[in-house]
Amino acid sequence: MAVRWLCSLFGKPFDGGKRMEVNNQHPSMARLLELQNQVSSLGQQVCAFSGLQSDREYRRLERELSRLQVEVDQVETEGRAQLQQARKRAAQEVEGLLRLLEENATHPSRLAIEELSQEAQRLVDEGVVAPQRAGAAEISDELVDALQELVLRLTQVKTGGRVSLRKARYRALTRLCAVQEVVEGRTRQQTLPLSEDTHAAVQHINQVMVQVSNARSQLVALLMGLSGRDSCAHLSRVLTEMLVELDALDVSDNAAVRNYRKQVVEEINGLLKHLDLEGEGDDTHRYDLAQNDSIRQIEAVRGRVFQLQAEVLRQSQTGELAFRPKAELQGLLTHLDEVDTARNPCIREARRRAVLEVQAVITFLDLWEALARRLPGSEEHPSHRAVWQVLASLSELQAQVLGFDGKRADKSYMMLEELLTKQLLTLDAVDTQGDESTKVARKQAVKIAQNILSYLDMKTDEWEY
């Protein structure tokens, strides 16, 4: 989107492609060309702007573009058609950038990202920062779950390929995931201090441990924009000084103290790795994941899964399924498990979805095999038979879901959703009459139906990385 904007704005020279000789160039044309260079420079910045209208950078860009608008309007054309055309086009390009700047800052997805970011700020302030200031250090499981839910909601914000939206989403996600990791680190058991009688250096290490605890809360506040005084650079210097102090301690004669110091150093390094987020997201390879190696691996696996799935579905329609690539599918799951997500939530979500795609085909094969092996006896419990009838219907519906390639507004989607829901209602109506095997079978059937519904929902949620 941004690239197309720039091509349309700056793809041709202002004089319509008929540049005059430099030596004989009219002063007004030279001035327009000078302004063109300034517009080109600002155009790149506007297309990459990922903030809001209240941001200082937005006001600067708006001010610069407004200045150029006035200066373009002041260029004398002396009634010459060529100059009038060039000036008109220059004015249109500046106006286009002003509109694009406003669109970037007020796009519904950008506002959704900001709303989620503010919700995360509120959660962290109430659940981490404020309690720390009051002397409490307990982190609730509810806070951890709420942060995970926000991460998932952020990954689902649509960007439509816009550079500005991808940057904004990536910036919000990286900070929230960093906070999530720090918070989850606090919920796990931290390094316990040693008795100061153990070694002369222990008192110093214990003091550093207290500083590390305070630094952890400062880091969370910084990442979520809740600290107006400190900066990432300042906190980085403080943590580095702690490392220097610990390194200067002579603990070579005591293995327990040496190990204690090592644990504290690891905790400090764990905090330091989150302090390089200040410029994170400015490089396109970070937020434009189409060329990411991990994403390429995931997409390669998905491509192979779709090939296997197509052959499985083709054979299942004939009533005989000789092609059963479960071993290869299990190998693809192993390969996905080895994909490096680099702590990127979008890559992590892409991998999770690919895993579900593989598991959906495996589940279909398992159910097909179970139905093929089934040999109902004359004494089979009626309720048990009813569950198997539902499983047979679910197998047919799952084949349709696997092959579905539409949208939620499609009639076929609504039909599948309704039929799957009916199967759940049928299972709910099955009276097990105390038969344990029927209870187990019904529970498994319910889980299969719910998983198929969830998979159908995932296929149509228009998620993007």
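Data block above holds the structure.
The structure displayed is predicted, hence computed values, not measured ones.

What is the right way to look at the overall build of the protein in this model?
Looking only at helices and strands, the protein features 17 helices and 0 strands. Evaluated residue by residue, the protein yields a buried proportion of 44% over its 465 residues. Long-range pairs, those at least 24 residues apart, make up 76% of the contacts in the protein between residues at least 6 apart in sequence. Total accessible area on the protein stands at roughly 24900 Å², and carbon and sulfur atoms take up 47% of it.

In this structure, what is going on with the nonpolar core? I would like to understand it.
General note: in soluble globular proteins, nonpolar side chains tend to be found buried as a group. Core analysis: the largest hydrophobic core is formed by 52 residues, its most contacted members being Val 124, Val 179, Val 183, Leu 239, Val 264 and Ile 268. Of all the elements in the fold, those that place two or more residues in this core are helix 5 (108–133), helix 6 (141–155), helix 7 (163–187), helix 8 (202–223), helix 9 (232–248) and helix 10 (255–272). The element contributing the most residues to this core is helix 8, with 11 residues. Apart from residues lying up to four places away in sequence, Val 183 is in contact with Val 128, Ile 139, Leu 143, Val 144 and Leu 147. Ala 360, Leu 367, Val 387 and Leu 416 belong to the second-largest nonpolar core, a separate cluster that totals 48 residues.

Please clarify how the packing of helix 14 (residues 345–373) against helix 17 (residues 436–459) should be interpreted in this entry.
The angle between the axes and the distance between the axes are what describe a pair of packed helices. Running from N to C, helix 14 and helix 17 point in directions that differ by 140°, and their axes come no closer than 11 Å. If you check the angle between helix 14 and helix 17, you find them oblique. Seen along the crossing, helix 14 lies across helix 17 with a hand that is left-handed. Across from Arg 353, Leu 356, Glu 357, Ala 360 and Leu 367 in helix 14, the residues of helix 17 making contact are Ile 448, Tyr 455 and Met 458. Its residues assigned to classes, the contact of helix 14 with helix 17 comprises 6 nonpolar, no polar and 2 charged.

What is the right way to read the pattern of salt bridges from this model?
Applying the stated criterion across every chain, the model contains 24 salt bridges. Ionic pairing is found between Arg 153 and Glu 119, a salt bridge with its closest N-O pair at 3.4 Å. Taken together, the positions of Arg 153 in helix 6 and Glu 119 in helix 5 put the pair 34 residues apart, joining distant regions of the chain. For Arg 304, the salt bridge goes to Glu 328, with nearest N and O atoms at 2.6 Å. In this pair, Arg 304 sits in helix 12 (residues 293–316) while Glu 328 sits in helix 13 (residues 326–337), placing the two residues 24 residues apart along the sequence. Judged by its relative accessible area of 31%, Arg 304 falls in the partly exposed class. Among the charged side chains, a network of salt bridges with common partners joins Arg 31, Glu 34, Glu 64, Arg 67 and Glu 71.

Would you mind going over the packing of aromatic side chains with me for this structure?
Under the definition given, this model contains 3 aromatic pairs. Considering the side-chain rings of Phe 49 and Tyr 58, the 5.9 Å spacing of their centres and the 50° angle between planes classify their relative orientation as tilted. Between Phe 364 and Trp 368, the ring centres sit 6.3 Å apart and the planes meet at 45°, which makes this aromatic pair tilted. Here Phe 364 pairs with Trp 368, and both are found in helix 14, just 4 residues apart, close to one helical turn. As far as burial versus exposure is concerned, Phe 364 and Trp 368 are alike and both buried.

Got a minute to help me understand the packing of helix 8 against helix 10 in this structure?
Where helix 8 contacts helix 10, the axes come no closer than 10 Å and their chain directions differ by 20°. The pairing of helix 8 with helix 10 is recorded here as roughly parallel in orientation. The handedness of the crossing between helix 8 and helix 10 comes out as left-handed. For the pair helix 8 and helix 10, the contacting residues are Val 202, Ile 205, Asn 206, Val 208, Met 209, Val 212, Ala 215, Arg 216 and Leu 219 in the first and Val 257, Tyr 260, Arg 261, Val 264, Glu 267, Ile 268 and Leu 271 in the second. Partitioning the contact of helix 8 with helix 10 into residue classes produces 12 nonpolar, 1 polar and 3 charged.

What counts and how
- Residues numbered from 1 in each chain as written.
- Predicted model: local features only at pLDDT ≥ 70, side-chain atom pairs only at ≥ 80, totals over all residues.
- Heavy atoms only, no water.
- Helix = DSSP H or I, 4+ residues; strand = E, 2+ residues; numbered from the N terminus.
- Buried < 20%, exposed > 50% of the residue type's maximum accessible area, 1.4 Å probe, protein only.
- Contact = heavy atoms within 4.5 Å.
- Areas by Shrake-Rupley, 256 points an atom, 1.4 Å probe, with all protein chains shown as cover.
- Core = buried A, V, L, I, M, F, W, Y, C linked by side-chain atoms within 4.5 Å.
- Axes fitted to C-alpha atoms, helices over the stretch in contact; angles between N-to-C directions.
- Parallel < 35°, antiparallel > 145°, perpendicular 65-115°, else oblique.
- Left-handed = near helix turned anticlockwise from the far one by under 90°.
- Nonpolar A, V, L, I, M, F, W, Y, C, P; charged D, E, K, R; others polar.
- Salt bridge = Lys/Arg side-chain N within 4 Å of Asp/Glu carboxyl O.
- Phe/Tyr/Trp six-rings, centres within 6.5 Å; stacked < 30°, edge-to-face > 60°.

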